[in-house]
Number of protein chains: 2
Amino acid sequence: MKNVRVVRSGSIKSYQISPDGEEVVSGFFLPGEVIGLDALATETHPSFAVALEDSQTCDIPLPDFLKMLRDSPKLNEVMIRLLSEEMVETRELLLVVGRLDAQTRVALFLLSLSRRLARRRQNPDQFKLSMDRRDIANYLGITIETVSRTLSKFQRNDIIEVHGKQIRILNRQALESIAMPGLNASTQTGGESSQSTG
Amino acid sequence: MKNVRVVRSGSIKSYQISPDGEEVVSGFFLPGEVIGLDALATETHPSFAVALEDSQTCDIPLPDFLKMLRDSPKLNEVMIRLLSEEMVETRELLLVVGRLDAQTRVALFLLSLSRRLARRRQNPDQFKLSMDRRDIANYLGITIETVSRTLSKFQRNDIIEVHGKQIRILNRQALESIAMPGLNASTQTGGESSQSTG
DNA sequence: CGGTTTTTTGAATCGAATCAATAGGCGTGG
DNA sequence: CCACGCCTATTGATTCGATTCAAAAAACCG
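Keep in mind that this is a model prediction, so the values were computed, not measured.

Here is what the cut-offs are and how they apply
Residues numbered from 1 in each chain as written. Chains lettered and ligands numbered in written order. Predicted model: local features only at pLDDT ≥ 70, side-chain atom pairs only at ≥ 80, totals over all residues. Heavy atoms only, no water. Near = heavy atom within 4 Å. Polar contact = N/O pair within 3.5 Å; in protein donor to acceptor, adjacent residues only side chain to side chain. Helix = DSSP H or I, 4+ residues; strand = E, 2+ residues; numbered from the N terminus. Nonpolar A, V, L, I, M, F, W, Y, C, P; charged D, E, K, R; others polar. Pairing = 2+ DSSP bridges. Contact = heavy atoms within 4.5 Å. Axes fitted to C-alpha atoms, helices over the stretch in contact; angles between N-to-C directions. Domains from an automatic or database assignment. Buried area = accessible area lost by both parts, 1.4 Å probe. Salt bridge = Lys/Arg side-chain N within 4 Å of Asp/Glu carboxyl O.

**Here we look at the protein's contact with DNA strand D**
Taken together, 16 residues lie near DNA strand D, and A:Ala102, A:Thr146, A:Arg149, B:Arg133 and B:Ser152 sit nearest. In DNA strand D, the atoms that sit within 4 Å of the protein are 58% sugar and phosphate, with bases accounting for the remainder. Contacts to DNA strand D include B:Ser148, whose side-chain N or O atom sits 2.9 Å from a phosphate oxygen. The leading source of residues in the surface near DNA strand D is helix H6 (residues 144-156) of chain B, at five residues. The residue makeup of the surface near DNA strand D, split by class, is three nonpolar, five polar and eight charged.

As C-alpha cells, then:
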C-alpha cells in the first residue's frame, strides 16, 4: 500500500502489527486528514489502514507523489510544513501518553475527536464514535474495561452522556480540566470526580 | 532559541515545560544528531535544550536555514526525508511508550543509547550515561525509584553492570528479549531467581 | 427470536507510585 | 587527609490505579 491518502469522507483507522503479532492502533483519521506522510522516508507504509465506516479516500501513488514533490518547490514547502506539524503533534502525544493516567487519556481522546469535528464544522458536542472500545483502548494503551469504566465514570459525573457509540459532551470545561496533566483539579465536577491534584 | 542545531560532540538534553510548569524530557541527542527539526512548523522551538556535558554544537539560525531550504531543492528533499524518518521513529516510540512496563522501557532506553553509540563507532557495550536518573525517569515516564530498581534488577540478573552512571552490557541478548514487547519470554533471563554465576 | 459479539460491571491481583529512610559520591573547608 | 554537608542513588514498606479474570447486560444480525 504505497500511497499517500487523503480522507474525503468516513473515517479510517491506521495500525501496525507489533513484533508479537498484535494489532496496534496508531491513529484515527477524519475527512481532510492525510495518511501516509511517513511513507516518504521508507517509501513503504509502516502501517495499514482500514475504513471504520463507509469512507471515500483519494489515493496518490507514492511514485507520482514523489515526482510531484520534485517538480513543485511549492508543494515541497507545504509538505515540510505538514510533516513538521505532524511531528510536533506526535511529539506532544508522546509526552502525554506515557505518563498520563487512564481518565486523562480518555478525556484527551474525546477532546481530540471533538476538536477535529469542529474543524470541519460538525457538532463538537455530540458525535458518534466510529471505532469500537477495543480500538480506543488499543490506541490509548489501556484495556477495554478501563475505557468502559472511565466513560461510565464521566457519565456518572455528568461530564458526558454515553449511549454505546453515541457521545454527548455535557461539561466541556470539566473534561478539559481532566485532560490537563496535573493542572487545576476541580472545576464544578462535584460527585466522585476526584482528579488527583498532583 | 530559533535554531536548527547539529550536535558535534558531547550530549544534549531537550525538554519542554508542561502546562503545570514541570520539565518534561523529550529526548537526548548524541553527536551527529539534529535538534529542532520541528521548529520548521512553528518557526519557534517548542522545546529547550541543555548540554549534559561539555558539548559542541553547530547552530544554524532558522531564517538562514529556511532560506537555504528555498534555494536548494536538494536540501529540501533531504529535509523531507529526515523529518519523515524522525516521524517514523517517534511514532514507533509512541506505540511503545504508552503500553510497555518499566523494565521494557529501561531495556529499550539502554539499547537505544548503545545502538546510537555503535553508529558512531564507540563501544556499544560499555558507556557512561551523561544524564542522571531523574532525567532518565522523566524521559521514560516512570519514577527515579523505578529506574533505579530496574537497573539493580538487571544487574542482579547479570544482564548489565552498573556503577553509578557507568554501564556495561553483559548480556545483550537478554536485554533485547526484555525489550521485545511480549515476545519470547525466556532467553536465560527467567524470573528474578534464575541461576547465576554468583 | 436465538446466537454472537460488544460493552459494562465486579472482585482479586499485580505493577508502579509514593512515602520514608539509608547509603554512596563529591566538593568544601577544617 | 578527613569531616561535614549536600545531592544523587538505592532500597524498603505501603498505597493506589490499572489489569486480569469472570460474569452479566446490552447491542447486533441473520
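**Quick word on the sheet that holds strand S6 (residues 56-61) of chain B**
All names here are of chain B. Taking strand neighbours across the sheet as the criterion, the three strands line up as S4-S1-S6 in an open arrangement whose pairing is antiparallel. What marks the edges here is a single partner per strand, and that holds for strand S4 (34-35) and S6. The sheet strands contacting helix H2 (residues 62-71) are strand S1 (3-9) and S6, and the helix crosses S6 at an angle near 70°.

**Looking at the domain arrangement of chain A**
Residues and elements named next belong to chain A. Each domain of chain A was delimited in the assignment, giving domain 1 (1-71) and domain 2 (101-198). With 14 residues of domain 1 at the contact, the number on the domain 2 side is 13 residues. Between domain 1 and domain 2, roughly 1,100 Å² of surface is buried when both sides are summed, and carbon and sulfur atoms account for 55% of that area. The largest share of the area that domain 1 buries against domain 2 comes from Val25, Phe28 and Leu30, three residues that together contribute 49% of it. Taken together, the links from domain 1 to domain 2 amount to three salt bridges. When the shortest N-O distance is used, the salt bridge between Arg134 and Glu23 registers 3.6 Å. On inspection of domain 1 and its partner domain 2, the count reaches six residue pairs in polar contact (both at pLDDT 80 or more). No other element matches the seven residues that strand S3 (residues 23-29) contributes to the side of domain 1 that touches domain 2. When grouped by side-chain class, the residues that make up the side of domain 1 that touches domain 2 number seven nonpolar, three polar and four charged.

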